[in-house]
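Inside the fold
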Amino acid sequence: MGVKAMLPSYELGFYALVVTCAVLYSGSGIFEASRDSMNRKAFRDGIKPGWHYFGRKMDVADFEWVMWFTSFRNIIIFALSGHVLFGKICSMTVPQHRAVMYMIYGALAVLGSMGLVYLMIILSHCLLLYSVALAKQKWLCYVAGLCCLASFKVEPFGSWQSGFVTGAFDLQDVLFYGGCTFTIMRCMSFALESSEREEGIYSIFDLLKYNFYLPFFFFGPVMTFDQFHAQVSTRELRRKDDEMKSIRVNALLHVGAIVAVDIFFHFFYILTLPSDLKFVNRLSDWSLAGLAYSNLVYDWVKAAVMFGVINTIARLDHLEPPQPPKCITMLYIFAET
């Protein structure tokens, strides 16, 4: 759908020059506003002391980014490193059963992080949608999946499900709803693929192996069941030429992006400034445009880093996951979104 054509190089170069000049000019206004408002009382919750050798405070308004790369950084690294190590051992010893090993490790990680009751909620959604898949009716799979998703937004079903998980910690809601909704979408993919299968349907064991692959569990992306099942069932694991080099380069780029974002937040308070409308009203139109553009690009960077790290780990497991989102600055065809 749609016509894709590469724009001429001179036209792309002209656009890049215009955008670069505009971003630099508007960025200077944001930098001055950030510097002048560093100690503003209205921003004290969003601007905290940063790296001491910069001598500036840091924008910490995005609690997800702060939690991922400060409070939960060691836990995330430990869990994903364990998956990589566990997956490497399984790939070398029992490649034909590596999907089972991934499932066991993922289920244990979910159990350890969110508790037994949460695991039971996940399993109940899997069992429900597997039962619907037995009918082999696509429309029924869609309806059941959408109803399961809606159950987290419609009362009293939403509070009833979330009420099972006791205790509280930062990012609990993100992990709870992320794991549940991505589970339902994976179950929908499984049900739709099963409905198209001519001889019977896939087993519920195949669904659990698909759903509890840890790198995809909480945050996606949703790799369709047919692709995951075909790739994870391969016994002959071979790398393409220079594939490991590409994986290492991507890993370094993601680490560099994380560091670059933290440095950026020491000089540009793009997340905290919009919280005070009186202060924002005093900014120039160029600064406001740059502020809006910076927030859009930051949303893309956050998604690209998250998906990029997950995709790098999946590639280490000999999978070909979906590509990360394309930068909004590089989009000129709506279909590429």
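An account of the accompanying structure is given in this report.

Parameters and conventions
- Residues numbered from 1 in each chain as written.
- Predicted model: local features only at pLDDT ≥ 70, side-chain atom pairs only at ≥ 80, totals over all residues.
- Heavy atoms only, no water.
- Core = buried A, V, L, I, M, F, W, Y, C linked by side-chain atoms within 4.5 Å.
- Buried < 20%, exposed > 50% of the residue type's maximum accessible area, 1.4 Å probe, protein only.
- Helix = DSSP H or I, 4+ residues; strand = E, 2+ residues; numbered from the N terminus.
- Contact = heavy atoms within 4.5 Å.
- Phe/Tyr/Trp six-rings, centres within 6.5 Å; stacked < 30°, edge-to-face > 60°.
- Axes fitted to C-alpha atoms, helices over the stretch in contact; angles between N-to-C directions.
- Parallel < 35°, antiparallel > 145°, perpendicular 65-115°, else oblique.
- Left-handed = near helix turned anticlockwise from the far one by under 90°.
- Nonpolar A, V, L, I, M, F, W, Y, C, P; charged D, E, K, R; others polar.

Right, let's get into the nonpolar core. With 43 residues, the main nonpolar core has Tyr118, Phe176 and Phe212 as its most contacted residues. In terms of residues, this core owes the most to one element, helix 5 (residues 116–133), which gives 8 residues. Those residues in contact with Tyr118 that sit more than four places away from it in its chain are Val110, Val165, Leu175, Phe176, Gly179, Cys180, Phe217 and Phe218. Core analysis: the next-biggest nonpolar cluster, separate from the first, contains 27 residues, Ile30, Ala33, Leu271 and Leu291 among them.

Attention now moves to the packing of aromatic side chains. Applying the stated criterion across every chain, the model contains 32 aromatic pairs. Relative to Phe267, the ring of Phe54 lies with its centre 5.6 Å away and its plane at 70 degrees, an arrangement referred to as edge-to-face. You can see Phe54 sitting in the loop between strand 1 (47–49) and strand 2 (57–59) and its partner Phe267 sitting in the loop between helix 12 (243–264) and helix 13 (277–281), a full 213 residues away along the chain. Since its relative accessible area comes to 25%, Phe267 is described here as partly exposed. Measuring from centroid to centroid gives 6.1 Å for Phe152 and Phe176, while their planes differ by 80 degrees, and the two rings are edge-to-face. Here the residue Phe152 occupies a position in the loop between helix 6 (138–150) and helix 7 (157–162), and Phe176 occupies one in helix 8 (residues 172–196), the gap between them amounting to 24 residues. Like Phe152, the residue Phe176 is buried in the burial classification.

It is at 11 Å that the axes of helix 5 and helix 9 (residues 204–211) come closest, and there the two elements cross at 135 degrees. Classed by the angle they form, the pair helix 5 and helix 9 counts as oblique. The handedness of the crossing between helix 5 and helix 9 is right-handed. Every residue of helix 9 that contacts helix 5 at Ile122, Leu123, Cys126, Leu127 and Tyr130 is listed here: Ile204, Leu207, Leu208 and Asn211. When the residues that make up the contact of helix 5 with helix 9 are grouped by side-chain class, the tally is 8 nonpolar, 1 polar and no charged.

Counting through the fold element by element, Ser151 comes out in the loop between helix 6 and helix 7. For Ser151, a relative accessible area of 13% gives the class buried. Leaving out residues up to four positions away in the same chain, Ser151 has contacts with His125, Phe157, Gly158 and Gln161.

From the geometry alone we can't say anything about function, so treat these as descriptive.
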